[in-house]
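Results of the structural survey
Residue strings, one per chain:
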Amino acid sequence: MATRPQDLAPKEIVAELDRYVVGQGAAKRAVAIALRNRWRRQKVAPELRDEILPKNIVMIGPTGVGKTEIARRLARLAGAPFVKVEASKFTEVGYVGRDVDSMIRDLVEAAVKLVKEEELEKLRERAGEAAEERVLDALGFGGGIGMGFRSVAARVRGEPEAEHAPAAGGAREKARAQLRAGTLDDDLVEVELQERPAPAVMPFMGPGMEDMAQGLQDMMQNLGNNPLVSMLGGGPKKRKRKVKVKEALELLTQEEAARLVDMERVTREALERAQSAGIVFIDEIDKIAGGDVAGARGPDVSRGGVQRDLLPIVEGSNVNTKYGVVKTDHMLFIAAGAFHVAKVSDLIPELQGRFPIRVELEPLRREDLVRILKEPRNSLVRQYTALLATEGVDVQFRDDAVDEIARIAADVNERMENIGARRLHTVMERLLDPISFDADTLRGQRIVIDAAYVKEQLHGVVEDEDLSRYIL
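My aim in this report is to walk through the structure given alongside it, one point at a time. (Residues numbered from 1 in each chain as written. Predicted model: local features only at pLDDT ≥ 70, side-chain atom pairs only at ≥ 80, totals over all residues. Heavy atoms only, no water.)

It is worth spelling out the environment of Glu247 at this point. Relative to the helices and strands, Glu247 resides in helix H12 (residues 245-260). Residues Glu247 and Val189, spaced 58 residues apart in sequence, show a C-alpha to C-alpha distance of 9.6 Å. (Helix = DSSP H or I, 4+ residues; strand = E, 2+ residues; numbered from the N terminus.)

This next bit is on the packing of helix H6 (residues 124-139) against H12. Across the interface, H6 lies against H12 with an axial gap of 7 Å and an inter-helix angle of 130°. One element, H6, and the other, H12, form an angle in the oblique class. As for the relative orientation of H6 and H12, their crossing is right-handed in sense. Across from Arg124, Arg126, Ala127, Gly128, Ala130, Ala131, Glu132, Arg134, Val135 and Leu139 in H6, the residues of H12 making contact are Val245, Ala248, Leu249, Glu250, Leu252, Thr253, Glu255, Glu256, Ala257, Arg259 and Leu260. Tallied by class, the residues present in the contact of H6 with H12 amount to 11 nonpolar, 2 polar and 8 charged. (Axes fitted to C-alpha atoms, helices over the stretch in contact; angles between N-to-C directions. Parallel < 35°, antiparallel > 145°, perpendicular 65-115°, else oblique. Left-handed = near helix turned anticlockwise from the far one by under 90°. Contact = heavy atoms within 4.5 Å. Nonpolar A, V, L, I, M, F, W, Y, C, P; charged D, E, K, R; others polar.)

Taking 1.5 Å per residue as the helical rise, H12 with its 16 residues ought to reach 22 Å, and the 22 Å between its terminal C-alpha atoms agrees with that figure. When we look at burial in H12, the residues that qualify are Val245, Ala248, Leu249, Leu252, Thr253, Glu255, Glu256 and Ala257. (Expected span 1.5 Å × (residues − 1). Buried < 20%, exposed > 50% of the residue type's maximum accessible area, 1.4 Å probe, protein only.)

This brings us to the environment of Val314. By secondary structure assignment, the location of Val314 is in helix H14 (residues 303-315). Sequence spacing of Val314 and Asn56 is 258 residues, and the spatial spacing of their C-alpha atoms is 8.6 Å. Sequence-distant contacts of Val314, defined by excluding residues within four places in its chain, comprise Asn56, Phe333, Leu351, Arg354 and Phe355.

What follows covers the sheet that holds strand E2 (residues 82-86). With parallel pairing, the 5 strands of this open sheet are ordered in space as E2-E5-E8-E1-E9. Strand pairing shows two members of the sheet lacking a second neighbour, E2 and strand E9 (357-360), which therefore form its edges. Going across the sheet, the axis of each strand differs from the next one's by a mean of 20°, ignoring polarity. With 4 bridges joining them, strand E5 (residues 279-283) and strand E8 (residues 332-337) adopt parallel strand pairing. Bridge pairing in E8 places Val280 opposite Phe333. Strands in contact with helix H2 (residues 25-43) are strand E1 (57-60), E5, E8 and E9; relative to E1, the strand with the most contacts, it is inclined by about 165°. (Pairing = 2+ DSSP bridges.)

Put into structure tokens, the structure is as follows:
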């Protein structure tokens, strides 16, 4: 039996994170312990369980070293709702901007989506069977009355009855077998599908009023779903579409699964999961630190206010969402920032106290960049190789080419702004620009990329300080 994510020991959690993020052992240990503590808390006696609060984490390190990726991968590993927000987008109440409560509403939305997707997957088989019946009906193979349109059509054309017009049930089962075998995938069929309501356009809503706009849109949608409105001709509309059988099966399966989902149960489960397992990643928290440091005037006047508004959310409070009230007491908050100018100690003392675990992430060295290019399951080398393979171009990276790409990225990072592993994206794009542009004419070719090729493509850019500033 496979080990469930919540049953993983800290060492196993770190091993899973190692598959996607290179280095940063201290940060991985901290989040692994935080995740394991959630499992431990569930095993504690009920009278003590509510007293055990998560130990929030603040990650300190330059951009592009893996802070966000660690938090995102942790959430996926745990099957937990996850939301990433930027502290600099929030403003003190009274200023233009989003209020801090919106991060919790976003988390609940993520939880509902996550639980709904899980339910849809469980119901997919039942929904697929219902979709199959609707496609067979649409193809003309009636469900037990008469012979079905296709059988009748075959008779009208004078085709042999034994071959084309068996009993009604037999014709339908024969068509079902063809449907499952995929032989009818490219046939066109006309099916009736429920229209998805277009998002409401509300031009009168200004910045910072996104939540109000969403609330109005949801209210209009709920009004449309009212049975009385539907009886009077309102509510969700249906329209007929002519699509291929394969696409019709997928669309109808989604529609049938959505119809089978118990949204009340989904909402209850989502609220519980958001409260007990939600992870909120607050990036750029250093941008709201130090209300009195140099440069904290003008537009940054509300930074201290943002911290004070953020404090009750992190401490534990009740937040109203459209799905109900959610408690933030047992959510895990992970904050991150470069802290080049400000320091963690520049945050207000109360907020500092709510982030007891502090881990520093190391700047990436050339050896780290080599590993990032080669080791992770979603490495850039694998990504670009797969992308170009879709055009029939076989691109192969030699080890010396990977070393040279990492050397160039590290060199540019050192001479200009250090953006960590993100520099690899710009270097790789520039390197593969000619191949990507002409890929349609290179079908069937094998292109070997070695150190000499990398130097030839990037020599002029790297040497020209002004040019590299804009391109790399």
